[in-house]
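A look at the structure
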Amino acid sequence: MNDQLTAPLDERLRAAVRAAYTGAPLMRRRLDEAGVAPGDIQTVADLARIPVLEKDDLVALQQADPPFGGLLGVPREALRHVFLSPGPLYEPDAGDDTALTDMAQLAMVQSGFAAGDVVLNTLSYHLVPAGLLLDHALTAMGCTVVPGGVGNSDLQLKLMADLGVTAYTGTPSFLLALLHRAADEGSLGRLSLRKAFLTAEPLAASARQELVETHGISVGNAYATAELGFLALNTDGGLAMRLLPEPIIQVVDPDTGATVGAGEVGEVVVTNFSRAYPLIRLGTGDMAVNVDPAPGKSAQAERSLILVGRRGEAVKVRGMFVHPNQLRHAAAQLGLTAGIQGVVARPGDRDEFRVRVVGAGDAALGARLAEVVRQICRVRVDDVAFVDALEKGAPGMLDERSWT
């Protein structure tokens, strides 16, 4: 791991903010508008003084001031790559943010990858940074990489068998598609696959179970974004994902930017250390539960989060954000998987929170569901109604409040 990571986090943050203020016009403007000088940011806690820069706003900024929206912090000649990620967003890379590769390596080591593995890398090598990032990390670890990229299942299966591929990186859906195809063809016995590093889409519990129990594959499930690299990892099959040491990750109230308490839901906000592309307090749009750290633990690598969905789908109820995925998870605990919807109204001076769930049930089951929702969402349910169906396309959270 790079020597710069041994420097104290607050010290590195101070240097990153100074460099962003000096080099990137957008960051200078944002700090000036907030009345914040670089010297005001001395610790991670001070980041709360800087407004969150939402990813959607960054898209608009790039369109108004192409190509980088005022966030390029080095001369253009210093760039090694320019990526184009969904948004669309241009992402400059000068090779200065070594934490991207370091965290990728750490996540894969924690997932059981090691020197000597032959790895089929099925993440895209075109336009987006994912394929190249993992390629660099894997080869530096002493792995042999097969740059498979996306698609062409038949050829990928042949590569896996002919080259003795021991490990896979990519999406869970493509890996399962490959394994199912091999089973249909009767060629599973030719495969040597024992490890998988999965990312870019949610990993269902049933999919993990099939990979581990049916195919004997150990699984690392990583949370990442195109702009910020790998942020968190799960290797034990639970919902919580342990944060990686870099970059700085906060879970904040989308309305105020303040860090939410343990067990509360907020937006994942990240600060990197890149001089070329300084992202200070970038709002990812992802909503997560800020999991209680172990007693006496406070370092980032000792914290976890549980991803619950995207920001636009969450609704605040009595001061707490509730996301449809939280409701679906609660219902699944009781075998209620046909559909669920939360409804928040305000008939008087307080929020009323009701739940509609598809299926048959009695008062006892309704009470059990209300308690599970309370435990997961930390919001009391006023009423549970069992219904035959929800309207097609019905939102997972329906806000019927009127503020006029």
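To start, this report covers the structure provided alongside it. Since this is a predicted model, take the numbers as computed values, not measurements.

We now examine the environment of Pro 254. Mapped onto the elements, Pro 254 comes out in the loop between β11 (248–252) and β12 (265–271). A residue is classified by how much of its surface remains accessible, and Pro 254, at 15% relative accessible area, is buried. Distance in space between the C-alpha atoms of Pro 254 and His 136 is 35 Å, their sequence separation being 118 residues.

Let's shift gears to the packing of aromatic side chains. Each aromatic ring pair is summarised here by two numbers: the centre-to-centre distance and the angle between the ring planes. Counting across every chain of the model gives two aromatic pairs. An angle of 75 degrees between the planes, with centres 6.3 Å apart, marks the rings of Phe 113 and Phe 197 as edge-to-face. With Phe 113 in the loop between α4 (99–110) and β4 (118–121) and Phe 197 in strand β7 (residues 195–198), the pair connects residues that are 84 residues apart, well separated along the chain. Overall, the relative accessible area of 3% leaves Phe 113 in the buried class.

Note on soluble globular proteins: their nonpolar side chains tend to be buried together. Of all hydrophobic cores here, the largest spans 35 residues; its most connected members are Leu 58 and Leu 71. Elements that contribute at least two residues to this core include exactly α1 (9–23), α2 (25–33), α3 (55–64), β9 (229–234), β10 (241–243), β11, β12 and β13 (282–291). Looking at this core element by element, the count peaks at five residues for α1.

A separate point is the pairing of strand β3 (residues 89–93). Among the five residues of β3, four are classified as buried, and the element is accordingly described as predominantly covered. Sheet topology places strand β2 (residues 81–85) next to β3; five bridges connect them, and they run antiparallel. Bridge pairing in β3 places Val 82 opposite Pro 92. Two successive antiparallel strands, β2 and β3, enclose a turn made up of three residues, where Gly 87 displays a positive phi of approximately 155 degrees.

As a further point, take helix α8 (residues 205–214). Here α8 has its buried residues at Ala 207, Arg 208 and Leu 211. All buried residues of α8 lie within an arc of 100 degrees about the axis, which places them on one face of the element. Projecting away from the buried face of α8 at angles above 90 degrees are the exposed residues Ala 205, Ser 206, Glu 213 and Thr 214. Remark: Gly 216 follows α8 within two positions and exhibits a positive phi of approximately 65 degrees.

Thresholds applied
- Residues numbered from 1 in each chain as written.
- Predicted model: local features only at pLDDT ≥ 70, side-chain atom pairs only at ≥ 80, totals over all residues.
- Heavy atoms only, no water.
- Helix = DSSP H or I, 4+ residues; strand = E, 2+ residues; numbered from the N terminus.
- Buried < 20%, exposed > 50% of the residue type's maximum accessible area, 1.4 Å probe, protein only.
- Phe/Tyr/Trp six-rings, centres within 6.5 Å; stacked < 30°, edge-to-face > 60°.
- Core = buried A, V, L, I, M, F, W, Y, C linked by side-chain atoms within 4.5 Å.
- Pairing = 2+ DSSP bridges.
- Arc of directions from axis to C-beta.

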